[in-house]
Amino acid sequence: MEQLNNVKDFLTEAGIHNPTIGIVLGTGLHQLLNFIDIKKTIPYTDIPGFPVSTVEFHKGNFIYGTIANKNIVVMQGRFHVYEGHSMEQIIFPIRVMKLLGVQTLFLSNAAGGINLNFKKGDLVLIDDHINLQTGNPLTGKNFDELGARFPDMSEPYTPSLKKLLQQKAGELNIELKEGVYAAVNGPNLETKAEYRYLKIIGADLVGMSTVPEVIAANHMQLPCAAISVITDECDPDNLKPVNIAEIIKAAGKADEKLSRLLYLAILSL
Ligand code: HPA
């Protein structure tokens, strides 16, 4: 708690005041920044006590700015299990956001499409999730000032935010599919047998992030919603090798529509 409060104080002194909306930008997704009147960009390396991103294609900046009259904080680059971060480090910035005053959290990520109705470049609203990552960010002593020991997870993604995103997608004529996201450790992608398994257990898409952050948000009763960009189609009977460059390229192609959608949703909060 002391570390969290220290970082919160550091960011407040650096000029980050009363943000109400928090955003986490996933792999290859950054065009939302074009809609933000940016006031501060603080590299994670400049924030004492903050984890540091080790993936070279992930930028590591905490960004503060406004959309219309709303104060926004953005994580440009997040932390993943496969980097060697502890679960507690991964969710540290989410907790900081909440302490700074954030009341709504939007997360984005790149994901593989298990559901074969999902095509590369599709946007998928995460409806629910399956946590297959090892560890849990809430393991250890509970911080009662943040939330309850045994948080409810019956609606991990806030229904009113899901509805808002669907409504705005409709207004923009953007197709927003829905599905269950399975979180894996990575960093390797899955085998054919693993994709089959993921489908059988009820996953529509798979990725290496987001779920720890959503668990932390639910612990703090911070309303949240998450959208995935489908970057590869995980058909076990027709599986093609993929590499990270292709994943980033596929995410980049959907970045513009995702950014317009989030922008419009933020305007009406
Ligand atoms: N599997 C896991 N993570 C991913 C994938 C995938 O196929 N695509 C993008 N992130």
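Residues numbered from 1 in each chain as written. Predicted model: local features only at pLDDT ≥ 70, side-chain atom pairs only at ≥ 80, totals over all residues. Heavy atoms only, no water.

> Tell me about empty space enclosed by the protein, and please be specific about residues and values.
Following the criterion strictly, the structure yields three cavities of 30 Å³ or more and no others. Each pocket or cavity is described by its volume, and for the largest cavity that value is around 50 Å³. Lining the largest cavity are Glu88, Arg95, Pro137, Leu138, Thr139, Lys141, Asn142, Phe143, Arg149 and His219. For the lining of the largest cavity, the class distribution of residues is three nonpolar, three polar and four charged. (1 Å grid on protein atoms, 1.4 Å probe; cavity = no way out; pocket = protein on both sides within 12 Å on 5 of 7 lines; lining within 4 Å. Points joined across faces, edges and corners; volume = space filled by probe spheres on them. Nonpolar A, V, L, I, M, F, W, Y, C, P; charged D, E, K, R; others polar.)

> Tell me about the pairing of strand 7 (residues 176–183), and name the residues and values.
Counting buried positions along strand 7 yields seven of eight residues, so the element is predominantly enclosed. As defined by bridge partners, strand 6 (residues 123–131) adjoins strand 7 across eight bridges and the pair is classed as parallel. When the sheet's bridge partners are listed, Asp128 is paired in strand 7 with Val180. Pairing between strand 7 and strand 8 (residues 205–207): three bridges, direction parallel. Within the sheet, the bridge partner assigned to Ala183 lies in strand 8 and is Gly207. Once the chain exits strand 7 it traverses helix 4 (residues 192–200) before rejoining the sheet at strand 8, and the crossover so formed is right-handed. (Buried < 20%, exposed > 50% of the residue type's maximum accessible area, 1.4 Å probe, protein only. Helix = DSSP H or I, 4+ residues; strand = E, 2+ residues; numbered from the N terminus. Pairing = 2+ DSSP bridges. Right-handed = clockwise from strand over helix to strand, strands pointing away.)

> For a positive patch on the surface, give the residues involved together with the corresponding values.
Together, Lys120, Lys240, Lys249 and Lys253 make up a positively charged patch on the protein surface. Structurally, Lys120 is set in the loop between strand 5 (104–113) and strand 6. (Patch = residues over 30% accessible without salt bridge, like charges linked within 9 Å, V, L, I, M, F, W, Y side chains within 5 Å. Areas by Shrake-Rupley, 256 points an atom, 1.4 Å probe, with all protein chains shown as cover. Salt bridge = Lys/Arg side-chain N within 4 Å of Asp/Glu carboxyl O. Lys, Arg positive; Asp, Glu negative; His and termini not counted. Charge placed at Lys NZ, Arg CZ, Asp CG, Glu CD.)

> An account of the side chain of Glu190 is needed here, citing residue identities and associated values.
With respect to the element layout, Glu190 can be found in the loop between strand 7 and helix 4. Nearest to the buried, unbridged Glu190 among oppositely charged side chains is Arg196, at 13 Å. Of note is the side chain of Glu190, whose polar atom sits 3.2 Å from the side chain of Tyr195. Every residue in contact with Glu190, bar those within four places of it in the chain, is listed here: Val184, Tyr195, Leu198, Val206 and Leu239. (Polar contact = N/O pair within 3.5 Å; in protein donor to acceptor, adjacent residues only side chain to side chain. Contact = heavy atoms within 4.5 Å.)

> Can you break down the site of the ligand residue by residue, with the values?
Taken together, 13 residues form the shell around the ligand, and within it Gly112, Glu190, Tyr195, Thr231 and Asp232 come nearest. At a separation of 2.6 Å, a nitrogen atom of the ligand approaches a polar side-chain atom of Glu190. In the complex, 96% of the free accessible area of the ligand, which totals 260 Å², lies under the protein chains. Judged by the fraction of its atoms near the pocket grid, the ligand is located in the largest pocket. Where the shell around the ligand is concerned, the elements lending two or more residues are strand 5, strand 8 and strand 9 (224–233). A per-element tally of the shell around the ligand places strand 5 first, with three residues. Residues that form the shell around the ligand fall into these classes: eight nonpolar, three polar and two charged. (Near = heavy atom within 4 Å. Sits in = over half its atoms within 2 Å of the grid points.)

> Can you break down the environment of His129 residue by residue, with the values?
Examined against the element boundaries, His129 turns out to sit in strand 6. With a relative accessible area of 14%, His129 lands in the buried category. A sequence separation of 76 residues divides His129 from Leu205, and the C-alpha atoms of the two residues are 9.3 Å apart. Here the side chain of His129 touches Tyr157 through a polar contact of 2.8 Å, side chain to side chain.

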